Amino acid sequence: LLTAFYSIAAIGISIVNDFKSMDGDSKLGLDSIPVMYGADTAKYLTCGLIDAIQLCIAAWLVYIGQMSYALGLLGLMVPQLIAQKVLLL
């Protein structure tokens, strides 16, 4: 289950790398997420996907009785959310 969650989150991380090659992808006709939906939509999709998966993992940790790990994950998300707000959104 945990592997599946992080595999989905990896899609969001992969989209981040697509921003660097938007011009080349567009010229070559490659349908990357930023090319298909635009940079603004892609950045919200990326942040939302990564954050949602981390929240699901935190909820799963609470469900299995690992409250301290869930709180640790949520604590690590705070600077991530701040960085997303300041740098991306």
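The sections below set out a description of the structure shown in this document. (Residues numbered from 1 in each chain as written. Predicted model: local features only at pLDDT ≥ 70, side-chain atom pairs only at ≥ 80, totals over all residues. Heavy atoms only, no water.)

### Quick notes on the nonpolar core
Within soluble globular proteins, side chains that are nonpolar generally end up buried alongside one another. With eight residues, the main nonpolar core is built from Phe 5, Ala 9, Ile 53, Ile 57, Ala 58, Leu 61, Ala 70 and Leu 73. Where this core is concerned, the elements lending two or more residues are α1 (2-18), α4 (39-63) and α5 (67-88). If one sorts the elements of this core by residue count, α4 sits on top with four residues. (Core = buried A, V, L, I, M, F, W, Y, C linked by side-chain atoms within 4.5 Å. Buried < 20%, exposed > 50% of the residue type's maximum accessible area, 1.4 Å probe, protein only. Helix = DSSP H or I, 4+ residues; strand = E, 2+ residues; numbered from the N terminus.)

### Observations regarding the packing of α1 against α4
Where α1 meets α4, the closest approach of the two axes is 8 Å, and the angle between their N-to-C directions is 160°. In terms of orientation, α1 and α4 fall into the roughly antiparallel class. Crossing handedness for the pair α1 and α4: left-handed. On α4, the residues touching Leu 2, Phe 5, Tyr 6, Ile 8, Ala 9, Ile 11, Gly 12, Ile 13, Ile 15 and Val 16 of α1 are Ala 42, Leu 45, Thr 46, Leu 49, Ile 50, Ile 53, Cys 56, Ile 57 and Trp 60. For the contact of α1 with α4, the residue count by class is 17 nonpolar, two polar and no charged. (Axes fitted to C-alpha atoms, helices over the stretch in contact; angles between N-to-C directions. Parallel < 35°, antiparallel > 145°, perpendicular 65-115°, else oblique. Left-handed = near helix turned anticlockwise from the far one by under 90°. Contact = heavy atoms within 4.5 Å. Nonpolar A, V, L, I, M, F, W, Y, C, P; charged D, E, K, R; others polar.)

### Quick look at α5
Its 22 residues place the ends of α5 30 Å apart at the C-alpha level, agreeing with the 32 Å of an ideal helix rising 1.5 Å per residue. Val 78 marks the point of greatest bend in α5, at about 25°, and the proline Pro 79 comes within the next four residues. Regarding α5, the residues found buried are Ala 70, Leu 73, Met 77 and Gln 84. Those residues of α5 hidden inside the fold are in contact with α4. (Expected span 1.5 Å × (residues − 1). Bend = angle between axes of the 7 residues up to and from the residue.)

### Comments concerning a nonpolar patch on the surface
The grouping of Leu 55, Val 62, Met 67, Leu 71 and Leu 74 at the surface amounts to a nonpolar patch, some 430 Å² of accessible area in total. Tallying contributions element by element places α5 first for the nonpolar patch, with three residues. Secondary-structure assignment places Met 67 in helix α5. Owing to a relative accessible area of 45%, Met 67 belongs among the partly exposed residues under this scheme. (Patch = residues over 30% accessible without salt bridge, like charges linked within 9 Å, V, L, I, M, F, W, Y side chains within 5 Å. Areas by Shrake-Rupley, 256 points an atom, 1.4 Å probe, with all protein chains shown as cover. Salt bridge = Lys/Arg side-chain N within 4 Å of Asp/Glu carboxyl O.)

### Here we look at the environment of Leu 71
Tracing the backbone through its elements, the reader meets Leu 71 in helix α5. Overall, Leu 71 belongs to the exposed group, its relative accessible area being 51%. Each C-alpha atom of the pair Leu 71 and Ala 58 lies 7.5 Å from the other, and the pair is 13 residues apart in sequence.

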